[in-house]
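Chain by chain, the residues run as shown.
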Amino acid sequence: MSQKTGRVTLFLVLAAISVAYLRNYLVTPHAATRMRFISDVLSNQSDPPYRYRLLVPFLEDNIANLCPSSSIRSQHLFGFTATFSPVFFLIYYLFHQLLRLYLTENSSLLGVLLLAVVIPVSVTGYLMEGDFLTLLLFILGFWCFHKEKDWAIPLIILLGTFNREQMLFLLVFYILYKASINQLRDKKTVLTVVASLLAWGAVFLGLRFILGFMPSRFTVLHHLKSNLNWDNFSNKITAIWLPVVFGFVVLAIASWRKTNRFFKLAFVSLGIYLLLFLLKGLLWELAKFLPAYLVLIPMALETITGEHTGKT
């Protein structure tokens, strides 16, 4: 078996493990609730913001209908498995490709394994898979702007906004990357930024215009109260963030002097990401923070391996 085939096999195995974990511990035990949720989303009966997050329910429901089983439960499990097996494979495959732009083969494989370790710990609910599709689209976005495929960024944001509103933050990373290589004022960069904003706005506002504007009970005040509640902070947030985030942050900071300009800028921007997470999310739902690991893991690997990501 060649090394390339071995790597692909590894990514397939990691994807199978991730899907099996989610299916066995989160999807199967809550199948009935999940099916009702998908039905409510697709019939425009769910609460905001879930009624506007159509992409994953649409994919899982339509793929589930391809299952020959007469059992609705079996169809639902098939829909999840068939949808997210390729998603997880692409997460690991493309993250490896992204790391190889900066690091050696062995270090890149270590980075993929670190991401695979973080993913199951990040799961805290049974309706979480949209966060992994978001992670995949962030990885794809990172790869595209590193490969100067700027035209793809608005398309990725357009598609991703049907899943999660946070896809707009990919544009922040794009802008920081262009700033790091002194191309922020280039015509192509400006056009990409404008097109991305229009794409995000078209989906965000278009869905609300078509499906109806409804106030959400998940307000900034709701999230602040939940996140700053002492019991939640001590029993949920700290228990997850200390082992899963803090160590990577320490390792990333340790590489500060030798890391490249983009990762330095992106690392600083994670403070903004964290603030938005505090205001518009529940901090123990760590899967929503996974895009941060596209910055934290490469920087941590510099400390662990002694390799450099370059000076750009």
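Attention here is on the structure that accompanies the text.

Reading the values: the criteria
- Residues numbered from 1 in each chain as written.
- Predicted model: local features only at pLDDT ≥ 70, side-chain atom pairs only at ≥ 80, totals over all residues.
- Heavy atoms only, no water.
- Phe/Tyr/Trp six-rings, centres within 6.5 Å; stacked < 30°, edge-to-face > 60°.
- Helix = DSSP H or I, 4+ residues; strand = E, 2+ residues; numbered from the N terminus.
- Salt bridge = Lys/Arg side-chain N within 4 Å of Asp/Glu carboxyl O.
- Buried < 20%, exposed > 50% of the residue type's maximum accessible area, 1.4 Å probe, protein only.
- Core = buried A, V, L, I, M, F, W, Y, C linked by side-chain atoms within 4.5 Å.
- Axes fitted to C-alpha atoms, helices over the stretch in contact; angles between N-to-C directions.
- Parallel < 35°, antiparallel > 145°, perpendicular 65-115°, else oblique.
- Left-handed = near helix turned anticlockwise from the far one by under 90°.
- Contact = heavy atoms within 4.5 Å.
- Nonpolar A, V, L, I, M, F, W, Y, C, P; charged D, E, K, R; others polar.
- Expected span 1.5 Å × (residues − 1).
- Arc of directions from axis to C-beta.
- Patch = residues over 30% accessible without salt bridge, like charges linked within 9 Å, V, L, I, M, F, W, Y side chains within 5 Å.
- Areas by Shrake-Rupley, 256 points an atom, 1.4 Å probe, with all protein chains shown as cover.
- Polar contact = N/O pair within 3.5 Å; in protein donor to acceptor, adjacent residues only side chain to side chain.

**Observations regarding the packing of aromatic side chains**
Within this structure, the stated rule accounts for 29 aromatic pairs. Ring centres of Phe11 and Tyr93 lie 6.3 Å apart, and the angle between their planes is 75°; this geometry places the pair in the edge-to-face category. Of this pair, Phe11 sits in helix H1 (residues 3-27) while Tyr93 sits in helix H4 (residues 72-100), and the two are 82 residues apart along the sequence. Relative to Phe289, the ring of Tyr273 has its centre 5.7 Å away and its plane inclined at 65°; by these criteria the two rings are edge-to-face.

**Quick word on the pattern of salt bridges**
For side chains of opposite charge, pairing can occur when their charged atoms come near one another. All told, the structure shown has 12 salt bridges when counted by the stated rule. Where Arg53 meets Glu165, a salt bridge forms, and the shortest distance between an N and an O atom there is 3.1 Å. With Arg53 in the loop between helix H2 (31-42) and helix H3 (55-64) and Glu165 in the loop between helix H7 (152-161) and helix H8 (169-180), the pair connects residues that are 112 residues apart, well separated along the chain. For Glu165, a relative accessible area of 18% corresponds to the buried category. Of the charged contacts in the structure, one is a salt bridge between Asp150 and Lys188, with a shortest N-O distance of 3.7 Å.

**Considering the nonpolar core**
Counting 86 residues, the largest nonpolar core has Phe88, Ile91, Tyr92, Phe132, Phe142, Phe289 and Tyr293 as the members making the most contacts within it. For this core, the leading source of residues is H4, giving 12 residues.

**What to know about the environment of Val117**
Structurally, Val117 can be placed in helix H5 (residues 105-122). Judged by relative accessible area, which is 55%, Val117 ranks as exposed. For Val117 and Val244, which are 127 residues apart along the polypeptide, the C-alpha to C-alpha distance reads 9.3 Å.

**Observations regarding the packing of helix H12 (residues 261-280) against helix H13 (residues 293-305)**
Taken N-terminus to C-terminus, the directions of H12 and H13 make an angle of 130°; their axes are 9 Å apart at the nearest point. The angle between the axes of H12 and H13 places the two elements in the oblique class. Crossing angle aside, the handedness with which H12 passes H13 is left-handed. In this structure, H12 contributes Phe263, Ala266, Phe267 and Leu270 to the contact, and H13 contributes Leu294, Val295, Leu296, Pro298 and Met299. A class-by-class count of the residues in the contact of H12 with H13 yields 9 nonpolar, no polar and no charged.

**Topic: unusual backbone geometry**
Omega for the peptide link from Pro48 to Pro49 comes to 0°, which places this bond in the cis form. The backbone of Asn44 sits at a positive phi, close to 60°, despite the residue not being glycine. Within the element layout of this structure, Asn44 appears in the loop between H2 and H3. Relative accessible area serves as the criterion here: at 23%, Asn44 is assigned to the partly exposed category. Within the chain, Glu148 stands out as a residue other than glycine whose phi angle is a positive 60°. Along the chain, Glu148 falls in the loop between helix H6 (129-146) and H7.

**So, H2**
Helix length check: H2 (12 residues) gives 17 Å between terminal C-alpha atoms against 16 Å at 1.5 Å per residue, within 8%. Along H2, the positions that sit buried rather than exposed are Ala31, Arg34, Ile38 and Val41. Here the buried residues of H2 occupy an arc of 90° about the axis, which is enough to place them on one side.

**Quick notes on a nonpolar patch on the surface**
A contiguous nonpolar surface patch, about 540 Å² in accessible area, is contributed by Leu205, Phe209, Ile210 and Phe213. Assignment of secondary structure puts Phe209 in helix H9 (residues 187-211). Taking relative accessible area as the criterion, Phe209 reaches 68% and is therefore assigned exposed.

**Digging into the side chain of Ser226**
Looking at the element boundaries, Ser226 is found in helix H10 (residues 220-228). A relative accessible area of 14% means that Ser226 is categorised as buried. A distance of 2.9 Å separates a polar atom in the side chain of Ser226 from the backbone oxygen of His222. If near-sequence neighbours (up to four positions away) are discounted, Ser226 is found in contact with Asn232, Leu282 and Trp284.

**Brief notes about H1**
In a regular helix each residue adds 1.5 Å, so 25 residues correspond to 36 Å; H1 covers 34 Å between its end C-alpha atoms and thus fits that length. Buried residues of H1: Arg7, Phe11, Leu14, Ala15, Ser18, Val19, Leu22, Leu26 and Val27, and no others. Those residues of H1 that are buried are in contact with H2, H4, H5 and H6.

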